[in-house]
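Residues per chain are reported as follows:
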Amino acid sequence: MNKSSIKIAYLYEDLMNTYGDSGDVKIIKFLLKKAGYETEVDNVSLGTNFDASKYDFVFFGGGQDLEQTIVAKDLPRHKQTLQKYIESGNPMLCICGGYQLLGSYYKTNAGITIKGLDIVPIHTVFKADKRMIGDTHYITQWGEVRAFENHSGQTYFDNDKLKPLGKMIEGYGNNPQDGVEGMRYKNLIGSYSHGPLLKNENIANALVDKIITRYHRRTEHAL
Ligand code: GLN
């Protein structure tokens, strides 16, 4: 490993990557390069050892129910390291299926309950009669975002510890009732937005700033 690179962990890159979510990582790499930083991306997949404290950014993309079921069996190994990483205020982005798996559970179309990491107080239930698909437009603390959603899981907050990522103008976001999209907790962002989300430069730049801050803290601390 090159000590001077910014380290990105891509959780289950080979399984969790719907509708071009890997574009989020490509955009982060591009913007970091522009800012003068080299990056290394590790695919943390089934059976891979993972210590989140060695990373500056963790990405978890979307997946279909089948992939989510496979990933959810391997994921509990990483609960402690991810929880510590998130609680310490380090940057992480989770999209759709990855976002759902950070919560307590995802009840699938087949009526199977997939246990999530239970790191954030959300739960998700698949509703067969309502596929939330189409363009989304919402307002965040960083301004307007335009993206695309495609999910049947409806996500609900279980308490008021989390803030939504945005307020819907067009589309559904977390569910058809609440009029909000995604969640924010410290420097963790969860979102239903594909497209990829980070084609929205306002969010991408905010995240890149956090990643650079984290990188300097981690490497200076290691000296
Ligand atoms: N399988 C999940 C759902 O339909 C997530 C889909 C996705 O990640 N695109 O809600």
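Since the model is a prediction, treat every value here as computed from it, not as a measurement.

Student: Would you mind showing me how to read the sheet that holds strand β11 (residues 166-170) here?
Tutor: The strands making up a sheet associate through hydrogen bonds between their backbones, and the pairing can be parallel or antiparallel. In space, the four strands of this open sheet follow the order β9-β8-β11-β12, with antiparallel pairing throughout. Either end of the sheet is taken by a strand with one partner, and the two such strands are β9 (143-151) and β12 (180-181). The sheet contact formed by strand β8 (residues 132-140) and β11 spans four bridges and is antiparallel. Across the sheet, the residue bridging to threonine 140 is glycine 166, located in β11.

Student: Help me understand the environment of leucine 188, please; the structure alone is not making it clear to me.
Tutor: The topology assignment puts leucine 188 in strand β14 (residues 188-191). With 42 residues separating them in the primary sequence, leucine 188 and arginine 146 have C-alpha atoms 19 Å apart. Here leucine 188 is in contact with Ile86, Asn90, Met92, Cys94, Leu102, Val120 and Met183, once residues within four sequence places are set aside.

Student: It is not clear to me how the pattern of salt bridges should be interpreted in this structure. Could you clarify?
Tutor: Here the idea is simple: oppositely charged side chains can pair when their charged atoms come close. In the structure shown here, the tally under the stated rule is seven salt bridges. Close ionic contact of lysine 54 with aspartate 51 constitutes a salt bridge, the shortest N to O distance being 3.0 Å. Under the relative-accessibility criterion, lysine 54 is labelled partly exposed at 47%. Two residues, lysine 186 and glutamate 87, come together in a salt bridge whose shortest N-O distance is 3.1 Å. You can see lysine 186 sitting in the loop between β13 (183-185) and β14 and its partner glutamate 87 sitting in helix α3 (residues 79-87), a full 99 residues away along the chain. We classify glutamate 87 as partly exposed; its relative accessible area is 31%.

Student: Would you explain the site of the ligand in this entry?
Tutor: What surrounds the ligand is a group of 17 residues, the closest being Asp65, Gln68, Cys96, Gln100 and Gly153. Glutamine 68 is positioned such that a nitrogen or oxygen atom in its side chain is 2.9 Å from a nitrogen atom of the ligand. Between the ligand and asparagine 150, the relevant distance is 3.5 Å, taken from a nitrogen atom to a main-chain nitrogen or oxygen of the residue. Counting only elements with at least two residues in the shell around the ligand, the list comes to α2 (65-74), α4 (97-100) and β9. The class makeup of the residues in the shell around the ligand is three nonpolar, 12 polar and two charged.

Calculation rules
Think of each chain on its own: its residues are numbered from 1, step by step along the sequence as written. In keeping with the predicted nature of the model, local features appear solely for residues at pLDDT of at least 70, side-chain atom pairs appear and are counted solely at 80 or more, and the whole-chain, interface and lining totals rest on all residues. Note that water and hydrogens are dropped before the side-chain values are worked out from all heavy atoms of the structure. Criterion used throughout: strands pair if DSSP finds at least two bridges between them. Strands here mean DSSP runs of E at least two residues long; helices mean DSSP runs of H or I at least four residues long; both are numbered from the N terminus. The contact criterion used is simple: two residues touch if any of their non-hydrogen atoms lie within 4.5 Å. We count a salt bridge whenever a side-chain nitrogen from Lys or Arg sits within 4 Å of a carboxyl oxygen from Asp or Glu. Residue exposure (1.4 Å probe, protein chains only): buried if accessible area is under 20% of the type maximum, exposed if over 50%, otherwise partly exposed. Note on terminology: near, applied to a residue and a molecule or strand, indicates that one of the residue's heavy atoms is within 4 Å of it. We define a polar contact as two N or O atoms separated by no more than 3.5 Å, with the added condition that, inside protein, one atom must be a possible hydrogen donor and the other a possible acceptor, whereas residues neighbouring each other in sequence contribute only through side-chain atom pairs. Three residue categories are used. Nonpolar comprises Ala, Val, Leu, Ile, Met, Phe, Trp, Tyr, Cys and Pro, charged comprises Asp, Glu, Lys and Arg, and polar comprises the others, including Gly.

Nothing here speaks to function; it is geometry throughout.
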